[in-house]
Amino acid sequence: MDTPIIPAAERTTAEAGTPTTETDRSAADPEPHIAVAAASGLPGPGPQRTPNDVASSGTDARQDGTAPQTTADETARATAAADTAEEPPATDGTADADRTGSTPPAPPQPGTTADAAQAETTADAAQAETTADAAQAEATADAEQVDTTPAQPPPTTDGIVVPGSTPDAHVGTPTGTGGSSTEPAEHQHAGTDHNDTADDGPGHAGTSHNDTLDDAPGHSDHNRHAHQGQAQAYTDDGVPNPAGADDAQEPRTPEEAGTDDDAEPAADAAPPPPVDPERALAAVGWELDPRTLREQAPDPAQLRVIRDGLTGKLDTTLDNRSRARLLSLRAVASRILGDLDDALGDARLAVTYAEATGEFRRTALARARLAEALRWRGDHAEADRLFAEANSPELPDRLRALLHEHAGRCCYDQGRLTEACLHFERALDLRHGEDAQLNARVEVALDAVAERAAADGFGPPPRRPEEVLGTPRPPVATFDEEQQLWGYADAAGEMVIAYRYAEAQPFHEGLAWVRRPEASRWALIDTSGAALIEANNGYRSVVPFSEGLSWVSMDGKGRWMAVDRMNIVKIPPGYEEARPFRNGLAAVRQNGGWGAVDLTGEVVVPTRYHRLGTPLADGREVDGFTADGLAVVELAGRRGVVDRAGRVVVTPAYPTVVVHPVAFLVATESGRWGALDRRGEPLIDPVHPGRAAVVAEIDRLLTDASPVL
């Protein structure tokens, strides 16, 4: 489980008055040190401390066990610190006796440290002062040596740890010159969008992050890796081990600490650290019921606390991205606790917020969590549809495998055991058998399938995608060799539209363009064969309908315009070429250059590129923009990437660019392959002979595991 966030109560450096240099702050912020109390009455090495360690006595112990001379400023600081100490410093006087050879002074009382310090002059004070100065200089030199090499956060990208960094060390505390900050991470990142716990990798401050599931690149996964400094500030069980402990006081055993009713709490003692509910949910060790294939919480009480924490975060969250994430995660907690009505309400609202963001992966996760809530309620038809809608080849393989696994469980609930096995097999194929946790879960699921099949059989045959999605299979164009004409047949092979067309396009969105033998113009028909647009409208060239619009040309050579099914012109003529709309955008060519327009006809990507088409890492190529709103463009033989707003993400500078679900694969002139992150920054050096090796390395660099569904 992740180390808890350091609470704001530990910000003691400035409060204790300890001077802090610019270098000290940058070193101490990411990696606070633990102050170790020295045993009373024992000379020898003092505590290992940095300038940011706060001791209530106000003075540093020397390595030889003696106390150095204090200046007036140090004495004043010591007095203020001593007033808040839990108990007075050790009073056995060993250090003073060793240094001066005289009787130790009387034990100092709180508030009288200055007088005691000024009284520490003896006949050999000059020698002692010289010794103290030397010790101080040595301690200062040591501290400077430590603090001039501050810990640096590992370079990260969206959910990917950059090679050469330490994945487990993520510094969430901003460093700077304005003093140290140890506020909880959720306050430090205010105004930024954090990704789903185990969904989307975390991100950089001030930026918007895509879920990664994570799998989405972007930043080192703060939902899974503890801050390096926090690992030192807390013990393994989460008990505070503050760096501001009094170096001079005697160590106390747990028994002594528990029986001292009169002891005042230390001024810098921290309360129990808050645990981020998203991290806590990601760290829950779910148990899979071998009969129902449903997750079970090992500690329902803890899960209720986590759900309450998610509710608390929702109360202060306003942006669509964060609300979609938090609502869908709360739906997960409610579902497993058995509160299915609450889970369904949260999950539906989460989908609404996710769709409002326009982010493909975030929407897919929200739909999958809604599907699981529906599955547990027994609404299998809608759950099947949502799993099918969420699962896209443009998602990372890790997430797709998880979606197939959960879709298989939904089929298992329905007794569709053959279809369930197909989903489980696909999940294993996507991960190439390298995901041990997935392998273990699928093994449990297959055992359950075998037991159930032995009793009840494997159930109905697998369904086609159209059946799962609830969309009727459109008539299929069929050619008659004798008549040399086209017609349309249904799924059973029965002719539903007679052979009468010289040309016939496939049905898209329930519409198809057809041309009769006696006509040179195209007509539009529906699945019954009724004409919606007659041939006399004069369209010599047409493009299949997509997202409610079709590109048509009167002369068949250019001046393309977009019309709807009622033949209303939505985008006026003026383009030399046009591609079908995809994800709200269509590639168009004008004056020899390629760009893109939206459904209203507004030019969102200037028509200045020599090519616009997007090859994907799985070998496919889309004729336009991906579901994430990215397209590969070419300019003067060099390729780059633009987004749906026309912004250049990758400057056209590469012979080849391929869009990966979480990165961009790029090739050099020499044929070597590397990768850029989704911001266009270098991720993997171009040293690989093929892109398959780059894809494998990206998968190894992903910091997040399977998202919580």
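Our structure is the block above this text.
Asker: How do you make sense of the environment of Val-666 when you look at a structure like this?
Answerer: Tracing the chain through its elements places Val-666 in strand S27 (residues 663-667). Looking at Val-666, the relative accessible area reads 5%, which means it is buried. Val-666 has contacts with Tyr-654, Thr-656, Val-657, Arg-672, Trp-673, Gly-674, Ala-675 and Leu-676, leaving out every residue within four places of it along the chain.

Asker: It is not clear to me how the side chain of Arg-323 should be interpreted in this structure. Could you clarify?
Answerer: Here Arg-323 is to be found in helix H12 (residues 320-336). Ignoring any residue separated from it by four or fewer positions in sequence, one finds Arg-323 in contact with Leu-314, Thr-317, Leu-318 and Tyr-353.

Asker: Would you explain the nonpolar core in this entry?
Answerer: Soluble globular proteins tend to bury their nonpolar side chains together. Among the nonpolar cores identified, the biggest contains 26 residues, and Leu-370, Leu-374, Phe-387, Leu-395, Leu-403 and Leu-709 are the most heavily contacted of them. Of all the elements in the fold, those that place two or more residues in this core are H12, helix H13 (340-357), helix H14 (360-377), helix H15 (380-390) and helix H16 (397-413). In contact with Leu-403, not counting residues within four places along its chain, are Ala-368, Phe-387, Ala-390, Asn-391, Leu-395 and Leu-709. In terms of nonpolar packing, the next biggest core, distinct from the first, is built from 18 residues, Leu-326, Leu-329, Val-332 and Trp-376 among them.

Asker: When you look at helix H20 (residues 691-701) in this model, what are you seeing that I'm missing?
Answerer: Counting along an α-helix, one turn takes 3.6 residues, and residues three or four places apart therefore face a common direction. All buried positions along H20 are accounted for by Val-694, Glu-697, Ile-698 and Leu-701. Each buried residue of H20 lies within a common arc of 105 degrees when the element is viewed along its axis, so the set occupies one face. Among the exposed residues of H20, those oriented more than 90 degrees off its buried face are Ala-692 and Arg-700.

Asker: What exactly am I supposed to notice about the sheet that holds strand S11 (residues 531-533) here?
Answerer: Overall, antiparallel pairing links the 4 strands, which are arranged S8-S9-S10-S11 in an open sheet. Looking at strand neighbours, the two that pair on one side only are strand S8 (503-504) and S11, the edges of this open sheet. Where strand S10 (residues 523-526) lies against S11, 2 bridges are found, and the strand directions are antiparallel. When the bridges of S11 are listed, Leu-524 appears paired with Ile-533.

Asker: Even after reading the chapter, I still don't get the packing of aromatic side chains, so can you show me in this structure?
Answerer: The relation between two aromatic rings is expressed through the spacing of the ring centres and the mutual angle of the planes. Throughout the structure, instances matching the rule amount to 6 aromatic pairs. Here the aromatic rings of Phe-479 and Trp-486 are separated by 5.0 Å at their centres, their planes lie at 50 degrees, and the arrangement is tilted. Here Phe-479 falls in the partly exposed class, since its relative accessible area comes to 30%. Judged by centre distance (6.2 Å) and plane angle (85 degrees), the ring pair of Trp-513 and Tyr-539 falls under edge-to-face. Residue Trp-513 is located in strand S9 (residues 511-515), and its partner Tyr-539 is located in the loop between S11 and strand S12 (541-542); the two are separated by 26 residues in the primary sequence. Across the pair, Tyr-539 and Trp-513 agree in class, each one buried.

Asker: Please clarify how the pairing of S27 should be interpreted in this entry.
Answerer: Where a strand is regular, its side chains alternate between the two sheet faces. Across the 5 residues of S27, 5 count as buried, placing the element largely inside the fold. Side chains Ala-663, Leu-665 and Ala-667 of S27 all project onto a buried face; the interleaved residues Phe-664 and Val-666 project onto the opposite face, where all are buried too. Pairing between strand S26 (residues 656-660) and S27: 5 bridges, direction antiparallel. Across the sheet, the residue bridging to Thr-656 is Ala-667, located in S27. Here S26 folds back onto S27 in antiparallel fashion, the turn holding 2 residues. Pairing of S27 with strand S28 (residues 673-676), which is carried by 4 bridges, proceeds in the antiparallel orientation. The residue of S28 that forms the bridge with Ala-667 is Trp-673. In this structure, the hairpin formed by S27 and S28 is closed by a connection of 5 residues, where Gly-671 is found at a positive phi of approximately 85 degrees.

Asker: Hey, could you run me through the side chain of Arg-369 in this one?
Answerer: Summarising the element assignment, Arg-369 is placed in helix H14. Within the structure, the side chain of Arg-369 is placed 2.9 Å from the side chain of Ser-328, a separation counted as a polar contact.

Asker: For this particular structure, what's the right way to read H12?
Answerer: Here H12 spans 25 Å end to end across 17 residues, near enough to the 24 Å set by a 1.5 Å rise per residue. Across the 17 residues that make up H12, a large majority, 15, are buried. Just beyond H12, the residue with positive phi is Gly-338, at close to 95 degrees.

What counts and what doesn't
- Residues numbered from 1 in each chain as written.
- Predicted model: local features only at pLDDT ≥ 70, side-chain atom pairs only at ≥ 80, totals over all residues.
- Heavy atoms only, no water.
- Helix = DSSP H or I, 4+ residues; strand = E, 2+ residues; numbered from the N terminus.
- Buried < 20%, exposed > 50% of the residue type's maximum accessible area, 1.4 Å probe, protein only.
- Contact = heavy atoms within 4.5 Å.
- Core = buried A, V, L, I, M, F, W, Y, C linked by side-chain atoms within 4.5 Å.
- Arc of directions from axis to C-beta.
- Pairing = 2+ DSSP bridges.
- Phe/Tyr/Trp six-rings, centres within 6.5 Å; stacked < 30°, edge-to-face > 60°.
- Polar contact = N/O pair within 3.5 Å; in protein donor to acceptor, adjacent residues only side chain to side chain.
- Expected span 1.5 Å × (residues − 1).

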